[in-house]
Amino acid sequence: MPVIPVIAVLLLLLAGCSGGGAADDGRITLRFQSLAWQEESVAVSKELVAEWNTAHPDIRVEYVQGSWDSVHDQLLTSFEGGEAPDIIHDASDDLADFAYGGYLADLTELLPGRLRSDIPARSWETVTFEDGIYGVPFLQEPRVLIADAELLDEAGVRVPTVERPWSWAEFRQVTKELSGPGRYGVAWPLKEPVSASLNLSLSTGGQLFHRGADGKVTVRFEAGDEVVPRTIHDQVNTDRSASATTLGSGGSDTLPGFFAGKYAMVPLGFSYRQQIEQQAPEGFDWRVLPAPAGEDGLIQGVSPQTLSVAAESPHKKEAAAFVDFLLRPHNMVRLALGDWMLPTGSAALRDPALRTREDGWAVGTALAGRLRSAPAQSVRGYPEWKDKVATPAFQEYYSGAIGLGELRERLEEDGNLVLDRYQR
């Protein structure tokens with residue numbers, strides 16, 4: 001084989017492995033991996049990339065489609081292989097290992113003051129590890145109850161509001177009253193039970209992860225952590241007011257039964273309203289209600305969607321400028337509407353389009369101030385703890401296969417063994 005073609009092939013392979021760089025004409029090219037998946041959100045993301053490219057001919061952004069289903073493993077592979085995209089779309093509870101591992105750039109000196117001041121401190125906490133900022137939280141969603149309004153009216157139960165929500169005890173009683181022949185008061189879609197259990201438990205004082213003076217995190221399943229799991233367990237196994245068959249389901253899987261009147265309520269992330277609006281039968285009357293509240297009120301944990309910059313990117317300043325462009329208030333509103341989620345930015349949250357009563361937007365924006373950093377945000381080893389320990393333990397507890405004591409034992413003893421490996 002001639003020498004020149006071999007060299008050309010090698011040069012092409014090297015070019016394909018770079019995360020971003022300067023083209024032959026001097027233009028900088030940045031790769032932006034987006035996890036937008038709904039048709040509206042993908043369209044908005046691509047529109048914003050096109051608008052940036054038109055306004056910045058010397059800094060071209062290439063849109064790369066990623067997937068929530070495999071993002072952690074895919075990013076880890078790309079980081080270790082030196083092929084990471086310059087701008088990375090992820091969720092804040094997935095960042096700790098990447099931040100501590102040196103794969104993400106510290107954005108503290110790269111972000112403009114406008115963006116730093118527009119997003120509240122409670123949101124920045126979700127992306128701050130030690131003294132560095134390793135992502136920009138930009139979209140968030142509370143967990144809410146989606147209810148069949150007709151069934152609520154027929155049962156004559158008190159309808160909760162943000163100002164006067166149900167307690168967890170009242171919620172359990174209401175689901176019993178809404179149950180009847182062929183119908184459950186609630187369907188819990190808990191294929192991924194950990195984040196729902198932990199984040200809703202903030203309202204009852206649950207924390208689960210406790211950081212000591214030495215910085216080490218330990219798992220302690222205390223009284224405040226028990227209320228939400230015990231409520232779900234008792235609805236399924238004692239009251240029979242919650243469907244056991246949906247425990248292994250995703251949120252979308254429960255919608256046909258919800259539309260058919262099999263379930264009076266379904267706890268879901270705020271963004272599921274888009275699917276409900278698109279798929280509900282004509283004339284179906286649904287309502288967005290706040291999740292139950294504990295002694296700490298309507299507080300719940302969230303893991304916002306984030307935008308980060310790869311530590312290996314040769315153009316961090318330009319990548320941060322693109323992030324700032326994406327998250328200008330008007331653009332943040334567009335992204336929120338496309339994903340049917342809430343923006344983190346204070347200016348965007350004031351937009352009238354996000355405060356209408358239609359489709360429950362006003363309920364969501366009223367809850368925005370109650371959202372806090374999810375308990376697991378800064379815990380190294382959380383993905384492994386969740387997958388290998390917590391998910392199977394919660395699934396077995398909710399199905400009635402194990403009791404509360406064994407749930408506690410597995411979360412604490414088995415869980416701390418996993419976390420210890422990351423904290424040595």
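Details of the structure are given in the entry above.
Residues numbered from 1 in each chain as written. Predicted model: local features only at pLDDT ≥ 70, side-chain atom pairs only at ≥ 80, totals over all residues. Heavy atoms only, no water.

**Let's talk about the overall build of the protein chain**
Logical step 1: A tally of regular secondary structure across the protein chain gives 18 helices and 16 strands.
Logical step 2: By the compact-globule yardstick of 22 Å for 424 residues, the protein chain fits well, its C-alpha radius of gyration being 23 Å.
Logical step 3: Along the first, second and third principal axes, the C-alpha atoms of the protein chain reach 75 × 50 × 45 Å.
Logical step 4: Every one of the 424 residues in the protein chain was classed for burial, and the buried ones make up 54%.
Logical step 5: Accessible surface for the protein chain amounts to roughly 18,200 Å². Of this, 50% is attributable to carbon and sulfur atoms.
Logical step 6: Computed over 38 positive and 60 negative side-chain charges, the separation of the two mean positions in the protein chain equals 3 Å. (Helix = DSSP H or I, 4+ residues; strand = E, 2+ residues; numbered from the N terminus. Rg over C-alpha atoms; globule rule 2.2 N^0.38 Å. Buried < 20%, exposed > 50% of the residue type's maximum accessible area, 1.4 Å probe, protein only. Areas by Shrake-Rupley, 256 points an atom, 1.4 Å probe, with all protein chains shown as cover. Lys, Arg positive; Asp, Glu negative; His and termini not counted. Charge placed at Lys NZ, Arg CZ, Asp CG, Glu CD.)

**Digging into the nonpolar core**
Logical step 1: Phe32, Val136, Phe322 and Leu327 are the most contacted members of the largest nonpolar core, which has 77 residues in total.
Logical step 2: Contacts of Phe32, omitting those with residues within four sequence positions, involve Val49, Val61, Glu62, Tyr63, Val64, Ile87, His89, Leu307, Phe322 and Leu326.
Logical step 3: Trp166, Ala242, Leu289 and Ala291 belong to the second-largest nonpolar core, a separate cluster that totals 47 residues. (Core = buried A, V, L, I, M, F, W, Y, C linked by side-chain atoms within 4.5 Å. Contact = heavy atoms within 4.5 Å.)

**Considerations on the packing of helix H2 (residues 39–55) against helix H14 (residues 329–339)**
Logical step 1: Here H2 crosses H14 at 155°, and the two axes come no closer than 7 Å. Judged by the inter-axis angle, H2 sits roughly antiparallel to H14. The way H2 lies across H14 gives a crossing that is left-handed. Between H2 and H14, the contacting residues are Glu40, Ser41, Val44, Ser45, Glu47, Leu48 and Glu51 on the first element and Asn331, Arg334, Leu335, Leu337, Gly338 and Asp339 on the second. (Axes fitted to C-alpha atoms, helices over the stretch in contact; angles between N-to-C directions. Parallel < 35°, antiparallel > 145°, perpendicular 65-115°, else oblique. Left-handed = near helix turned anticlockwise from the far one by under 90°.)

**Here's the deal with the environment of Ala187**
Logical step 1: Looking at where Ala187 falls in the secondary structure, it is placed in the loop between helix H8 (168–178) and helix H9 (193–200).
Logical step 2: Given a relative accessible area of 0%, Ala187 falls into the buried group.
Logical step 3: Not counting residues up to four positions away in its chain, the partners in contact with Ala187 are Thr246, Tyr263, Met265, Val266 and Pro267.

**A few points about the pattern of salt bridges**
Logical step 1: Inspection of the entire model under this criterion finds 14 salt bridges.
Logical step 2: For the salt bridge of Arg408 with Glu226, the shortest nitrogen-to-oxygen distance reads 2.4 Å. Remark: Glu226 occurs in helix H10 (residues 223–239) and Arg408 occurs in helix H18 (residues 404–422); sequence separation between them is 182 residues.
Logical step 3: You can call Arg408 partly exposed: its relative accessible area is 24%.
Logical step 4: The closest approach of N and O atoms between Glu384 and Lys388, which form a salt bridge, is 3.4 Å. Of the two residues, Glu384 and Lys388 are both situated in helix H17 (residues 382–399); the distance of 4 residues between them amounts to about one turn of the helix.
Logical step 5: Exposure remark for Glu384: the relative accessible area of 14% places this residue in the buried category.
Logical step 6: Given the relative accessible area of 59%, Lys388 is considered exposed. (Salt bridge = Lys/Arg side-chain N within 4 Å of Asp/Glu carboxyl O.)

**Things to note about the sheet that holds strand E11 (residues 265–269)**
Through backbone hydrogen bonds, the strands of a sheet pair up, either in parallel or in antiparallel fashion.
Logical step 1: One open sheet accounts for 3 strands, arranged E11-E8-E12; its pairing is antiparallel. The open sheet terminates on both sides in strands that have one partner only, identified here as E11 and strand E12 (286–290). For this sheet, the mean inter-axis angle between neighbouring strands, taken without regard to orientation, is 35°.
Logical step 2: Both strand E8 (residues 143–148) and E12 contribute to a ladder of 5 bridges, which runs antiparallel. Its bridge partner lying in E12, Ile146 is registered against Val288. (Pairing = 2+ DSSP bridges.)

**Looking at the packing of aromatic side chains**
Logical step 1: This structure, assessed with the given rule, holds 24 aromatic pairs.
Logical step 2: Where Phe171 meets Trp188, the ring centres are 6.3 Å apart and the plane angle is 85°; that geometry is what we call edge-to-face. Within this pair, whereas Phe171 is found in helix H8, its partner Trp188 is found in the loop between H8 and H9, the two being separated by 17 residues in sequence. Both residues of the pair, Phe171 and Trp188, belong to the buried class. (Phe/Tyr/Trp six-rings, centres within 6.5 Å; stacked < 30°, edge-to-face > 60°.)

**Brief notes about unusual backbone geometry**
Logical step 1: One non-glycine residue, Glu130, lies in positive phi territory at about 55°.
Logical step 2: Mapped onto the secondary structure, Glu130 falls in the loop between strand E5 (128–129) and strand E6 (132–133).
Logical step 3: A positive phi angle, near 60°, is found at Asp359, a position not held by glycine.
Logical step 4: Mapped onto the elements, Asp359 comes out in the loop between helix H15 (346–349) and helix H16 (361–367).

**What about the side chain of Gln275?**
Logical step 1: If you trace the backbone, Gln275 turns up in helix H12 (residues 273–279).
Logical step 2: Gln275 gets classed as buried once you look at its relative accessible area, which sits at 10%.
Logical step 3: In this view, Gln275 contacts Trp37, Ser252, Leu255 and Ala280; residues no more than four positions away in its chain are not counted.

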